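What the coordinates show
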Amino acid sequence: MRAAGEMSAMAGAGDVLKRIDETRTWQEQLYRHLHAHPELSSHEVRTAAEIARRLREWGYEVQHIGGGVVGVLANGNGRTVLMRADIDALPVTELTGLPYASTVTAVDESGAAVGVAHACGHDVHITCLLGAAALLSGARQAWSGTFIALFQPAEETAAGARAMLADGLTSRIPRPDVAFGQHVLNHEAGVLGWQAGPVLSAGDSIRITLSGRGSHGSMPHLGVDPVVLAASVVLRLQTIVAREVEPGEFAVVTVGSSVAGTKSNIIADHAVLLVNVRTYDAEIRERVIASIERIVRAECEASGSPEPPAFEYYDQFPLTDNDPTVTARVAAAFREYFGEDRVVELGRITASEDFSRVPDAFGIPYSYWGVGGFTRDQQAYPNHSPHFAPAIHPTLDAGTEAIVVATLAYLGEDAS
Ligand code: ZN
Ligand code: ZN
């Protein structure tokens, strides 16, 4: 049995989505255009202008905030729903061979020439949110409340949500009751994945500088060798997950880079380690980071290091922790609209996102879901691969429909 309210909410989504045949044509063209014209994180100028132009056409009140674009469509009494899409591309040289593949190059922050590609599928996110924004604007009789379409820059560098908040986001738009985000993933196209609780890990990068004392390679007794010190630190850090985190709990500590010295006969004066941490639990995250600092300080002490180690935290992503009540409601609406076999429990993903910074700043619950992007006769590459090439159909439809269905579960007639 369904409650009457759910029936009406679904009828509302059906009314809004009746016209998806009309948006599909321009959505496909827009997707190909965005895919061929990617822009790196914090440089999404043309992308943002294109988004703003279209939102204004559909009657949205549009603001440029912190490099992103926010469109607000007030449509009578009711709740306020915020849907977020990230809009940046990656420094990846595209190898998909698609007719609309990117040939764009740019100079990155280190001054190196890099290819630029939508290898994480944020062009899918933009296109789906614009499609849903157009559909909701075109069928205002089918829902009531306020819809906010938020297009966020610089997700890949963990800078975009912070930039929008620093530019006054929370005081410049209505306070939402609930926020949604979605990501195209390498599972089956057209399939939606929900997950209650933690869905994406918190991610922290740490640059650790270890001090040694330089010397001639033949006179180690006159120096403090940072290579030996770094080796001890790297091995000892492996004991955090193995010996300090409770079995069954999740944490990753990876030393992704260890650099010291120039020649075989010179003892260097410092070493630099780049460490990456992933966790699903705030308390475990704090304990793991505290353990890293404790071990590094103690190893420096043990080596007779002349200076204390320096810790620099960067590329920090918050935990994405889906509200169980909101997620249950969205998943039920998905099952009703798409059918049971197109809606799956996603499972936790070890990747990270900065999506949750915005709902956390408002203090509101959220749900973030996955959209499959690869048909069965296609090779499914992971996000960030130079071969990442989601199928246009049915991915764009599914992502667009998912936004409307989740939104109408809160703004549809009689949604309670
Ligand atoms: Zn990505
Ligand atoms: Zn992404």
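Calculation rules
- Residues numbered from 1 in each chain as written.
- Chains lettered and ligands numbered in written order.
- Predicted model: local features only at pLDDT ≥ 70, side-chain atom pairs only at ≥ 80, totals over all residues.
- Heavy atoms only, no water.
- Donors = N, O, S within 2.8 Å, 3.2 Å for Na, K, Ca; no water.
- Helix = DSSP H or I, 4+ residues; strand = E, 2+ residues; numbered from the N terminus.
- Buried < 20%, exposed > 50% of the residue type's maximum accessible area, 1.4 Å probe, protein only.
- Core = buried A, V, L, I, M, F, W, Y, C linked by side-chain atoms within 4.5 Å.
- Contact = heavy atoms within 4.5 Å.
- Phe/Tyr/Trp six-rings, centres within 6.5 Å; stacked < 30°, edge-to-face > 60°.
- Lys NZ or Arg CZ within 6 Å of the ring centre and 35° of its normal.
- Pairing = 2+ DSSP bridges.
- Axes fitted to C-alpha atoms, helices over the stretch in contact; angles between N-to-C directions.
- Tetrahedral: all angles 85-135°; square planar, octahedral: opposite > 155°, others 65-115°.
- Polar contact = N/O pair within 3.5 Å; in protein donor to acceptor, adjacent residues only side chain to side chain.
- Parallel < 35°, antiparallel > 145°, perpendicular 65-115°, else oblique.
- Left-handed = near helix turned anticlockwise from the far one by under 90°.
- Nonpolar A, V, L, I, M, F, W, Y, C, P; charged D, E, K, R; others polar.

Moving on, we come to the coordination of the zinc ion (ligand 2). Protein ligation of the zinc ion (ligand 2) involves C120 (SG), H122 (NE2) and H183 (NE2), the donor distances falling in the range 2.1 to 2.3 Å. Spacing between the donor residues of the zinc ion (ligand 2) along the chain follows C-x1-H-x60-H. Taken as an interatomic distance, the gap from the zinc ion (ligand 2) to the zinc ion (ligand 1) is 3.0 Å; C120 donates to each of them. With C120 in the loop between β5 (113-115) and α4 (122-138) and H183 in strand β7 (residues 178-188), this pair connects stretches of sequence that are 63 residues apart. With relative accessibility at 7%, the residue C120 sits in the buried group.

Okay, the nonpolar core next. If you look at the biggest cluster of nonpolar residues, it comprises 63 residues, and the most contacted ones within it are L55, F147, F151, F180, F334 and W369. Considering each element in turn, this core owes the most residues, 12 residues, to helix α11 (residues 392-411). In this structure, F147 is in contact with Y60, G71, V72, L73, V81, M83, L129, A133, L136, I403, T407 and L411, ignoring residues within four places of it in sequence. Formed by 22 residues, the second largest nonpolar core is a distinct cluster that contains L237, L273, I284 and I295.

One pair of aromatic rings is described through two measures. These are the centre distance and the angle between the planes. Here the structure, examined in full by the defined rule, presents 11 aromatic pairs. A centroid spacing of 5.5 Å and a plane angle of 55° characterise the contact between F180 and W369, whose relative ring orientation is tilted. Pair noted here: F180 is in strand β7 and W369 is in strand β18 (residues 366-374), with a separation of 189 residues, a long-range link. Taken individually, F180 and W369 each receive the classification buried, so the pair is uniform in this respect. When the ring centre of Y280 is taken as reference, the NZ or CZ atom of R348 above it lies at 4.9 Å.

What follows deals with the sheet that holds strand β10 (residues 202-211). Strand order in this open sheet of 4 strands is β12-β14-β10-β15, and the pairing throughout is antiparallel. Strands at the two margins of the open sheet, each flanked by one partner only, are β12 (251-260) and β15 (310-317). Put simply, the sheet's adjacent strands are angled 20° from each other on average, direction ignored. When β10 meets β15, the two strands line up antiparallel, connected through 6 bridges. Its bridge partner lying in β15, S205 is registered against Y314. Relative to the sheet, helix α7 (residues 226-244) contacts β10, β12 and β14 (270-279), its axis offset from that of β12 by approximately 175°. Strand contacts of helix α8 (residues 282-303): β10, β12, β14 and β15, with the helix running at about 10° to β10, the strand carrying the most contacts.

This part covers the coordination of the zinc ion (ligand 1). Donor atoms from the polypeptide that coordinate the zinc ion (ligand 1) comprise C120 (SG), E156 (OE), E156 (OE) and H384 (NE2), at 2.0 to 2.7 Å from the metal. Here the zinc ion (ligand 1) is ringed by 4 donor atoms whose angles at the metal span 53 to 149°, and the overall shape comes out irregular. Taken in chain order, the donor set of the zinc ion (ligand 1) reads C-x35-E-x227-H. Note on H384: relative accessible area 38%, which makes it partly exposed.

Position of D225 relative to the elements: it lies in the loop between β11 (215-216) and α7. Among the polar contacts listed, one links the side chain of D225 to the backbone nitrogen of V227, at a separation of 2.8 Å.

With respect to topology, 8 strands assemble into an open sheet ordered β1-β2-β6-β3-β7-β18-β8-β17, the strand pairing being mixed. The sheet terminates laterally at β1 (61-65) and β17 (343-345), the two strands that pair on one side only. Going across the sheet, the axis of each strand differs from the next one's by a mean of 25°, ignoring polarity. With 7 bridges connecting them, strand β3 (residues 80-86) and strand β6 (residues 145-152) associate as parallel partners. Within the sheet, the bridge partner assigned to M83 lies in β6 and is A149.

What follows covers the packing of helix α2 (residues 20-36) against α4. Contact geometry for α2 and α4: axes closest at 9 Å, N-to-C directions at 150°. On the basis of their axis angle, the class for α2 and α4 is roughly antiparallel. Crossing hand, α2 versus α4: right-handed. The residues of α4 that touch α2, namely those facing I20, T23, W26, Q27, L30, Y31, L34 and H35, are D123, V124, I126, T127, C128, L130, G131, A134 and L135. Of the residues belonging to the contact of α2 with α4, the class tally is 11 nonpolar, 5 polar and 1 charged.

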